[in-house]
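Given next are the chains, with one letter for each unit.
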Amino acid sequence: MRYERIEEAIFLERPNRFIAYALIRGEKEVVHVKNTGRCAELLIPGAKIYVQESDNPERKTKWDLIAVKKKDRMINMDSQIPNKVVQEWLLKGNLFGEGSIVRPETTYKNSRFDFYVENKGRKAFLEVKGVTLENNGVVKFPDAPSERAVKHVGELIEAVKEGYEAYVVFVIQMEHVRYFTPNMDTHAEFGTMLKKAKKAGVKILAFDSKVTQDEMILNDEVEVVLTDPILKESVDPLVHWFRKNKRDLPWRKEISPYRVWVSEIMLQQTRVEAVKGYFERFMKALPTVETLATAQEDRILKLWEGLGYYNRVRNMQKAAVQIMEEHQGVFPKTYEEIHALKGIGDYTAGAICSFAYGIAKPAVDGNVLRVVSRLLADESDIAKASVKKQMEEQIEEIIPRDAASDFNQGLIELGAIVCVPNGEPKCEVCPLVHLCKAKAKGIENQLPIKTKAKDRRIEKRTILILKDSDTIAIRKRPAKGLLAGLYELPNVEGHLTRKQVIDYCNSIGLSPLHIEKAENAKHIFSHVEWHMTGYVIKVDELEKNCNEDLLFVKQVELEKTYSIPSAFEKYRKYCF
């Protein structure tokens, strides 16, 4: 869109929304302001402006304000030009291709949308918004409350429900901006409606413009950030911090989807330091998907011994079989295919995608929930699935496509070593402290909010270390339920007395020669606590007279072959 009859001028003042005074050709003149927005950050006395002389000699106001120069950036101020440049853009076939029908000012229900576009069976409504508010490369709309804009976006949602495509196109009337975001300070309702529209299928687009004193042309697409801009602003400092401060961990070497997968499953509810040895031992024994898929179950359970949650490694093996059968042994490369593998949820799928493949998918664990809650001073309950889902959506919107791995790992790392739980966060070394809303409000120690889990059920158990001169009794647990299919030291419900232990031994065909009290112990599962007492019982020839379904194994077998859960860890020292 090109203008004629443009003059350079100096802005003097703006007494109301519609007119301004400017110095033109050495004379003070009245200028019509074609933008009723606030624009106070642009129209500063002494600013260089560009005005158009009217071609109507009878018009009372001879001049129109077209553009203003702010430092080195030219900004178009004409509120009518966004529709004109979008129309030019549409007629060139940029949305639906060449030959599109483009109809301006089209009524739909109670709204008059800026454009209706149709081509080859596709039908769409477009609403166009001009954007002139900019600060540090961030552009926002609106600069004043706009109920009309809210209404139009709401009716675009209705159009989508009836089968139309719908677009909100933000025309940024300047060049070289960083991103667009709705102005929640000026009109939060509009920003909320925009987010709702995106979820409903309305496409939100933004373009910057090449602007000169006498021309404006639609230019490059600009990133749209509908979430809190603080998350967007955190990207660069967090990536820089992570690259400089990341810990030297074994799974960060020789990155592959298989290694990422194994490490992430191991790290669930387990300390990093504890996992290092397990990871290296597992990778040495089962270095590929194929070796995991074909391993004996007892072998993988033994490799997992002490990590707990044994169904995780069982599911890993099932997923490995899936990969062999459905993907010809090649680890899948899309989020949907990875997510479809047995035992892989949103977090693990996101971690594999971003860490191994650089795919911009979120990986939101407890560390990330805590960091984001504090960063945004968000008092939502992170124990709720809906809150986690919302944070995943927020993060996915701003993940840098060229640094997805470092950004996701940076959030996790920050939560692990700086923005820590159960104590004072280390704000003095945090790369995001200048952005953190919780720190600014002084509530960083009060976040995140997390409802307390239900109290665990208490179970009393008596552990029996039954042994003779060179073997000890173990048994396999049922195939379903707690610690399913693992080996354990025999145990019974309740806290038995010495006499009750003797009676129990006699009932299974064993005659105790000596009984010694073992220490008490406690083990916490997700929903159950075992409060245990124990007895070391020496018998004469375990295998000969026992009528219980027990295995009698030597020390070397127990250490190399059979996986005993960590629940029995305190009693292993009594075994031999």
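Because the structure is a prediction, the values reported are computed rather than measured.

Enquirer: Hey, could you go over helix 5 (residues 257-267) for me, with residue numbers and the actual values?
Expert: Counting buried residues in helix 5 gives 11 out of 11 residues, a clear majority hidden from the surface. Inspection of helix 5 places P257, Y258, R259, V260, W261, V262, S263, E264, I265, M266 and L267 among the buried residues, and these make up the whole buried set. Buried residues belonging to helix 5 abut helix 6 (272-285), helix 7 (289-294), helix 8 (297-304), helix 9 (311-326) and helix 11 (346-357). Backbone geometry just after helix 5 places Q269 at a positive phi near 60°.

Enquirer: Run through the pattern of salt bridges, naming residues and quoting values.
Expert: A complete count under the given rule lists 40 salt bridges for this structure. Of the charged contacts in the structure, one is a salt bridge between R252 and E413, with a shortest N-O distance of 2.9 Å. Of the two residues, R252 is situated in the loop between helix 4 (229-245) and helix 5 and E413 in helix 14 (residues 404-417); the sequence distance between them amounts to 161 residues. For E413, a relative accessible area of 1% puts it in the buried group. With a closest N to O distance of 3.0 Å, K276 and E273 form a salt bridge.

Enquirer: If you had to explain the pairing of strand 21 (residues 528-539) to someone new, which residues and values would you point to?
Expert: With 10 of 12 residues buried, strand 21 lies mostly within the body of the structure. As paired elements, strand 16 (residues 457-467) and strand 21 share 11 bridges and run parallel to each other. Bridge pairing in strand 21 places L464 opposite Y535. Examined bridge by bridge, strand 20 (residues 512-524) and strand 21 share 10 bridges and lie antiparallel to one another. Residue pairing in the sheet places I524 in a bridge with E529 of strand 21. Here strand 20 folds back onto strand 21, and the loop between the two strands holds three residues.

Enquirer: For the sheet that holds strand 10 (residues 133-135), give the residues involved together with the corresponding values.
Expert: Ordered in space as 10-11-13, the three strands form an open sheet in which the pairing is mixed. The open sheet terminates on both sides in strands that have one partner only, identified here as strand 10 and strand 13 (179-182). Between one strand axis and the next, the sheet turns by 30° as a mean value, whatever way the strands run. As judged from the three bridges shared by strand 10 and strand 11 (residues 138-141), these two strands associate in the antiparallel manner. The residue bridging E134 from the neighbouring strand is V139, located in strand 11. Sitting on the sheet, helix 3 (residues 184-200) is in contact with strand 11 and strand 13, with an inclination near 95° to strand 13.

Enquirer: Help me get a handle on a nonpolar patch on the surface, residues and values and all.
Expert: On the surface, a cluster of nonpolar side chains totalling about 190 Å² of accessible area is made up of I10, L12 and L23. When you line up the elements, L23 lands in strand 2 (residues 19-24). On the basis of relative accessible area, L23 is assigned to the partly exposed category, the value being 36%.

Enquirer: Tell me what's going on with the packing of helix 6 against helix 8, and back it up with residues and numbers.
Expert: The relative placement of two packed helices is expressed as an angle between their axes plus a distance between the axes. Where helix 6 meets helix 8, the closest approach of the two axes is 9 Å, and the angle between their N-to-C directions is 155°. On the basis of their axis angle, the class for helix 6 and helix 8 is roughly antiparallel. Counted together, Y278, R281, F282 and A285 of helix 6 and R299, K302, L303 and W304 of helix 8 form the full contact between these two elements.

Enquirer: Just give me the short version of the sheet that holds strand 14 (residues 203-212), but keep the residues and values in it.
Expert: Pairing is mixed across the open sheet formed by six strands, whose spatial order is 7-8-9-12-14-15. With partners counted over all chains shown, the strands left at the sheet margins are strand 7 (101-108) and strand 15 (215-221), one partner each. Taken over all neighbouring pairs, the strand axes of this sheet differ in orientation by 35° on average, direction set aside.

Enquirer: Before we move on, can you summarise the packing of aromatic side chains with the specific residues and values?
Expert: Two aromatic rings, taken as a pair, are described by how far apart their centres are and by the angle between their planes. For the structure shown, the criterion picks out 19 aromatic pairs. The interplanar angle of 45° and the centroid separation of 4.8 Å between the aromatic rings of F125 and Y164 together place this pair among those described as tilted. Here F125 is found in strand 9 (residues 122-131), whereas its partner Y164 is found in the loop between helix 2 (147-161) and strand 12 (165-172), with 39 residues between them in sequence. On the basis of an interplanar angle of 80° and a centroid distance of 6.1 Å, the ring pair of F282 and W304 is categorised as edge-to-face. Within this pair, whereas F282 is found in helix 6, its partner W304 is found in helix 8, the two being separated by 22 residues in sequence. Accessibility assignment for this pair places F282 and W304 in one class, buried. Members of the aromatic cluster, joined through ring pairs, are Y108, F113, Y116, F125 and Y164. Above the ring of W530, the side-chain terminus of R461 is found at 5.3 Å from the ring centroid.

Enquirer: Give me the lowdown on unusual backbone geometry, citing residues and values where you can.
Expert: Cis geometry is found at the peptide bond from F141 to P142, where omega equals -5°. Positive phi, normally seen in glycine, also occurs at R5, with a value near 60°. Looking at where R5 falls in the secondary structure, it is placed in the segment before strand 1 (6-13). Judged by relative accessible area, which is 34%, R5 ranks as partly exposed. Look at R25: it is not a glycine, yet its phi comes out positive at around 55°. Among the secondary structure elements, R25 is positioned in the loop between strand 2 and strand 3 (27-33).

The rules behind these values
- Residues numbered from 1 in each chain as written.
- Predicted model: local features only at pLDDT ≥ 70, side-chain atom pairs only at ≥ 80, totals over all residues.
- Heavy atoms only, no water.
- Buried < 20%, exposed > 50% of the residue type's maximum accessible area, 1.4 Å probe, protein only.
- Helix = DSSP H or I, 4+ residues; strand = E, 2+ residues; numbered from the N terminus.
- Contact = heavy atoms within 4.5 Å.
- Salt bridge = Lys/Arg side-chain N within 4 Å of Asp/Glu carboxyl O.
- Pairing = 2+ DSSP bridges.
- Axes fitted to C-alpha atoms, helices over the stretch in contact; angles between N-to-C directions.
- Patch = residues over 30% accessible without salt bridge, like charges linked within 9 Å, V, L, I, M, F, W, Y side chains within 5 Å.
- Areas by Shrake-Rupley, 256 points an atom, 1.4 Å probe, with all protein chains shown as cover.
- Parallel < 35°, antiparallel > 145°, perpendicular 65-115°, else oblique.
- Phe/Tyr/Trp six-rings, centres within 6.5 Å; stacked < 30°, edge-to-face > 60°.
- Lys NZ or Arg CZ within 6 Å of the ring centre and 35° of its normal.

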